[in-house]
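Residues per chain are reported as follows:
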Amino acid sequence: MLGVNDPPLFIKDIKAGLKNLNVVFIVLEIGHVVTRTKDGHEVRSCKVADRTGSITISVWDEMGRLIQTGDIIRLTRGYASMWKGCLTLYTGRGGELQKIGEFCMVYSELPNF
């Protein structure tokens, strides 16, 4: 298991079932509200990438409204799981998304995990 102080993991190294992930990525696309949960939460799927590939991240509520295309974000204490046959990142319990920059990051959309 990875710790918060470990260096960021590359997207290419993420596998379903990994927990306590530390990942840095750029936001490529922000999806519309995909789901509204029965207790009123908004859930969006966003496409993010680093230099090794791209992946979908599920973003809830206010954070989904705040992030913008081009934001460079650090995910801490996240986890990866399969959803509808697609490898997806999530913010874990006690995890967070923190904007650390914008627009200037080398990335690759392929492979799309």
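The name given to the protein chain in an unreviewed UniProt entry is SOSS complex subunit B2, with the source organism recorded as Mesocricetus auratus. Quoted verbatim from the Sequence similarities (unreviewed entry) field of the UniProt record, the comment on the protein chain reads "Belongs to the SOSS-B family. SOSS-B2 subfamily." In the Subcellular location (unreviewed entry) part of its UniProt record, the protein chain is described as follows: "Nucleus".

Caption draft 1: Focus on the layout of surface pockets. One number sums up the size of the largest pocket: a volume of about 250 Å³. Forming the walls of the largest pocket are 16 residues, and the residues nearest its centre are Val43, Ser58, Val59, Trp60 and Tyr90. Where the lining of the largest pocket is concerned, the elements lending two or more residues are β1 (21-36), β2 (42-50), β3 (53-60), β4 (71-83) and β5 (86-102). Looking at which element gives the most residues to the lining of the largest pocket, the answer is β5, with four residues. Its residues assigned to classes, the lining of the largest pocket shows nine nonpolar, six polar and one charged.

Caption draft 2: Structural detail: the environment of proline 7. Within the secondary structure, proline 7 sits in the segment before β1. A sequence separation of 17 residues divides proline 7 from valine 24, and the C-alpha atoms of the two residues are 9.6 Å apart.

Caption draft 3: Spatial organisation of the nonpolar core. Ranked by size, the top nonpolar core spans 19 residues in total, and within it Ile14, Phe25, Ile57 and Leu89 carry the most contacts. With four residues, the top contributor of residues to this core is β1. Isoleucine 14 has contacts with Leu9, Leu21, Val23, Ile55, Ala80, Leu87 and Leu89, leaving out every residue within four places of it along the chain.

Caption draft 4: View of the packing of aromatic side chains. A complete count under the given rule lists one aromatic pair for this structure. Both rings, one in tyrosine 79 and one in tyrosine 90, keep their centres 5.1 Å apart while their planes meet at 15°; by these two values the pair is stacked. In this pair, tyrosine 79 is assigned in strand β4 and tyrosine 90 in strand β5, connecting sequence segments eleven residues apart. Classification of tyrosine 79 by relative accessible area gives partly exposed; the value is 34%. Classification of tyrosine 90 by relative accessible area gives buried; the value is 14%.

Caption draft 5: Quick look at the pairing of β2. Judged by how many residues are buried, β2 sits mostly within the fold: eight of nine residues are covered. Remark: two residues form the turn of the hairpin made by β2 and β3, two consecutive strands paired antiparallel.

Scoring rules and cut-offs
Residues numbered from 1 in each chain as written. Predicted model: local features only at pLDDT ≥ 70, side-chain atom pairs only at ≥ 80, totals over all residues. Heavy atoms only, no water. UniProt positions renumbered as here; feature names shortened; annotations may be inferred. 1 Å grid on protein atoms, 1.4 Å probe; cavity = no way out; pocket = protein on both sides within 12 Å on 5 of 7 lines; lining within 4 Å. Points joined across faces, edges and corners; volume = space filled by probe spheres on them. Helix = DSSP H or I, 4+ residues; strand = E, 2+ residues; numbered from the N terminus. Nonpolar A, V, L, I, M, F, W, Y, C, P; charged D, E, K, R; others polar. Core = buried A, V, L, I, M, F, W, Y, C linked by side-chain atoms within 4.5 Å. Buried < 20%, exposed > 50% of the residue type's maximum accessible area, 1.4 Å probe, protein only. Contact = heavy atoms within 4.5 Å. Phe/Tyr/Trp six-rings, centres within 6.5 Å; stacked < 30°, edge-to-face > 60°. Pairing = 2+ DSSP bridges.

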